[in-house]
Amino acid sequence: MTATAANSPESAENPAEPIELLGPELAADPYAGYARMREQAPVVTGTLLGGPPMWMVTRYEDVRRVLSDPCFVANPASVPGGGMDDGPPVLKQMDVPSDVADLIAKAMMNLDGAPHARLRKLVSRAFTARRVAEMRPRIEEITATLLDRMAEAGRDGAPVDLVESFCYPVPIAVICDLVGIDEADRPQWHRWSRVLSLMQAEHLPTILRECADHVLDVIARRRAEPRDDLISALIEAQEEDGDRLSDREMVCLVFTMVTAGHESTTYLLGNSVLALLERPDQLELLRADPSRWQQAVRELMRLGPTQFAQARYAAEEVELGGVTIPAGSAVVPLLLAANTDPRKYEDPERLDVCRGAGSHVGFGMGPHYCLGAPLAYQEAEVALRALFDRFPGLSLAVEREELPWALRPGFTRVAELPLLLG
Ligand code: HEM
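Everything numeric in this text was worked out from a predicted model, so none of it was measured.

The strand order across the open sheet built from six strands is 1-2-3-9-6-4, with neighbouring strands paired in mixed fashion. Edge strands, defined here as strands with exactly one partner in the open sheet, are strand 1 (19–20) and strand 4 (72–73). For strand 2 (residues 43–47) and strand 3 (residues 54–57), the ladder comprises four bridges, and the chain directions are antiparallel. The residue bridging Val-44 from the neighbouring strand is Met-56, located in strand 3. Packing against the sheet, helix 3 (residues 60–68) makes contact with strand 3, strand 4, strand 6 (312–314) and strand 9 (330–333), and its axis sits at approximately 125° to strand 9.

Written as structure tokens, this is what we have:
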């Protein structure tokens, strides 16, 4: 499709009905739905949560370009002369009050250029390769404890829900250890993240206020008594940071790290276990040579759970996939469509744990490439391997068709995974 500068996702030149990213078509079968969009055109139209139509980018090379070309910005306010507000328009759409909207609008994924680089640098020190490698024994310990509890719960052949008993508790324990959130406070973080990931407008202001108060309280405690965690490191960095990191910015960073760092990893674990149970031949390959796990988690990540990245905004008029995109337009990179693009991967929807899938875009790419990717890979490798080693006879306790799926903005995941431990 070629379009003119006057073109917009709603225009008559773009006649196809926009696809709702959280609608039933993509929920029922994301691979098929994204394949249809990808084969329809490199750039199609779609909506998110019933908002205005946006450009959706469906193919691998174009998605990489949107994620890495400075023509596309993450903050609508970075569009020169665009007169747009800070942060995702969905905040306005959902009526999020201004006293808390900054916790999302000023999160690093919604900033560009120097303000983005400054925040990213401040937290990067907690996610260096060395720091992640140091976490490995702790991840092994957390995993082993949870597997013991599961063995107890499933002792008499009772089904165990893997999501609740394993996929959720592993990542929340790891990220909270790293950031400095005490064990007693973790359940409330789970509740807050859930409201956020479901974009429940009516509860959002309350949970953001509760969360900000809580983080300020933890900051005060760490100031009095520092520990080896991210919050203490940020307090130390306040002194070094030329722009003086404010407490409010620190709240925003902590909120970003804990929420970004656990639910997504929960989804990766649940979806991966299901994928491997459905492909015993692939599990066999891993059993035969456990050194393949490192590569396998890259392939599992390629095939899910990420569906799309945050919208980007064209900083100027730009040609993409044969479409002229006007300055200021929202453009959504469809990561799952890119990761299953046959132009890039042979037989793309087939799980192949021996495939070199490192080039996938499931963690995004460019300046906003997932800061926690090395940690998420390590968690998945340790947790999945330990799970299948401990319970070699693991099987689904219900029919595959009975499994409940949940769509979250950006992600798809199995919501419950009842298993027999064998
Ligand atoms: C399997 C688990 C994970 C998935 C699927 C995932 C996915 C993503 C994706 C797709 C992006 C790019 C968003 C965009 O460009 O619009 C991203 C960014 C980010 N992720 Fe992750 N992530 C995971 C784990 C983690 C963990 C464990 C952490 C924290 C330790 C984390 C922290 C972040 C942060 C802070 C960003 C924003 C980076 C920036 O804007 O510079 N993520 N993640």
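There is more to say after this.
Time to look at the nonpolar core. Counting 121 residues, the largest nonpolar core has Val-57, Val-179, Val-254, Val-331, Val-332 and Leu-334 as its most contacted members. A total of 13 residues in this core trace back to one element, the largest contributor, which is helix 13 (residues 247–278).

Linking two consecutive strands that pair antiparallel, namely strand 2 and strand 3, is a turn of six residues; a positive phi of about 55° is found at Leu-49 within it. With three bridges joining them, strand 3 and strand 9 adopt parallel strand pairing. Residue pairing in the sheet places Met-56 in a bridge with Val-332 of strand 9.

On to the site of the ligand. Around the ligand, the structure places 24 residues, and the nearest of them are Gly-261, Ser-264, Gly-364, Cys-370 and Gly-372. For the shell around the ligand, the elements supplying multiple residues, two or more each, are helix 13 and helix 17 (373–390). Of all the elements, helix 13 adds the most residues to the shell around the ligand, at seven residues. Among the residues making up the shell around the ligand, the classes are represented as 13 nonpolar, ten polar and one charged.

As a further point, take the sheet that holds strand 13 (residues 418–420). By definition, the strands of a sheet pair up through backbone hydrogen bonds, in either a parallel or an antiparallel sense. With respect to topology, three strands assemble into an open sheet ordered 5-13-10, the strand pairing being antiparallel. Each having just a single partner strand, strand 5 (160–161) and strand 10 (395–396) make up the two edges of the open sheet. Two strands pair when backbone bridges link them, and strand 5 and strand 13 are joined in this way by two bridges, in the antiparallel orientation. Note on strand 13: the bridge partner recorded for Asp-161 is Pro-418.

Calculation notes
Residues numbered from 1 in each chain as written. Predicted model: local features only at pLDDT ≥ 70, side-chain atom pairs only at ≥ 80, totals over all residues. Pairing = 2+ DSSP bridges. Helix = DSSP H or I, 4+ residues; strand = E, 2+ residues; numbered from the N terminus. Contact = placed C-beta atoms within 7 Å. Axes fitted to C-alpha atoms, helices over the stretch in contact; angles between N-to-C directions. Core = buried A, V, L, I, M, F, W, Y, C linked by C-beta atoms within 7 Å. Buried ≥ 20, exposed ≤ 12 C-beta atoms within 10 Å, placed from the backbone. Near = placed C-beta within 6 Å. Nonpolar A, V, L, I, M, F, W, Y, C, P; charged D, E, K, R; others polar.

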